[in-house]
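# Results of the structural survey
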Amino acid sequence: MSVTTTTHLNFRGAAREALDFYRSVFGGRTVAVTYKDAGAVQNESEADWVMWGEVAGDNGFHVMAYDVPSQLPWNQGENPFFVSVRGDDAEEISALWDKLAEGSAVVRALEPAPWATLYGMLTDRFGVTWVLDVTAPYNG
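Overview of the structure. Source: prediction; values computed, not measured. (Residues numbered from 1 in each chain as written. Predicted model: local features only at pLDDT ≥ 70, side-chain atom pairs only at ≥ 80, totals over all residues. Heavy atoms only, no water.)

## So, the sheet that holds strand 4 (residues 62-67)
Where we set the bar: By this definition, two strands are paired if DSSP reports at least two bridges between them. Strands here mean DSSP runs of E at least two residues long; helices mean DSSP runs of H or I at least four residues long; both are numbered from the N terminus. For helices, the fitted line uses only the C-alpha atoms of the stretch in contact; every axis is such a line through C-alpha atoms, and the angle between N-to-C directions lies from 0 to 180 degrees. Working rule for contacts: check all heavy atoms of both residues, and any pair within 4.5 Å makes them a contact.
Taken in spatial order, the eight strands line up as 2-3-4-1-5-8-7-6 in an open sheet, and their pairing is mixed. Bordering the open sheet on either side are strand 2 (29-34) and strand 6 (105-113), each of which pairs with just one other strand. In this sheet, neighbouring strand axes are inclined to one another by 20 degrees on average, regardless of whether the strands run parallel or antiparallel. In the packing of helix 1 (residues 15-26) onto the sheet, contacts are made with strand 1 (3-11), strand 2, strand 3 (50-56) and strand 4, and the angle to strand 2 comes to roughly 170 degrees.

## As for the packing of aromatic side chains
Cut-off, in case you're wondering: Note on aromatic contacts: the rings of Phe and Tyr and the six-membered ring of Trp form a pair at centre separations within 6.5 Å, being stacked when their planes are under 30 degrees apart, edge-to-face when over 60 apart, and tilted otherwise. Here the term buried applies to any residue with accessible area under 20% of the maximum for its type, exposed to any over 50%, and partly exposed to those in between, with areas from a 1.4 Å probe on protein chains only.
All chains considered together, the criterion is met by four aromatic pairs. Judged by centre distance (6.2 Å) and plane angle (35 degrees), the ring pair of Tyr66 and Phe82 falls under tilted. Taken as a pair, Tyr66 in strand 4 and Phe82 in strand 5 (residues 81-87) lie far apart in primary sequence, 16 residues in all. Like Tyr66, the residue Phe82 is buried in the burial classification.

Structure follows, in structure tokens:
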């Protein structure tokens, strides 16, 4: 079993541009899944925005990013990132969730999602927003 943490950056319409920039700086590969790709379009003008993206390099660099949809609050510089905790064992991620959730505000309960075996989001008592998920291969 293993767990990794990754900085997950939040943008509004600029995630793809940011991912491309970070790839140009650090190298690696970019993967970007749009809201359209995931069948999760709520606003047609945002269909090509990034719902989930990452740059990962052989040198160990890894950053994730997405475009916050317009129906959710977002201001540049406020809540600019999440900490993503990803693992391949549902039991391990659930145990971490249970501990981290003490005194936290749950934004989205840890449960199955179309893109992950388990996915949840919470803001801990220190104001840090965490995303925990169990990896699932992307078939796109």
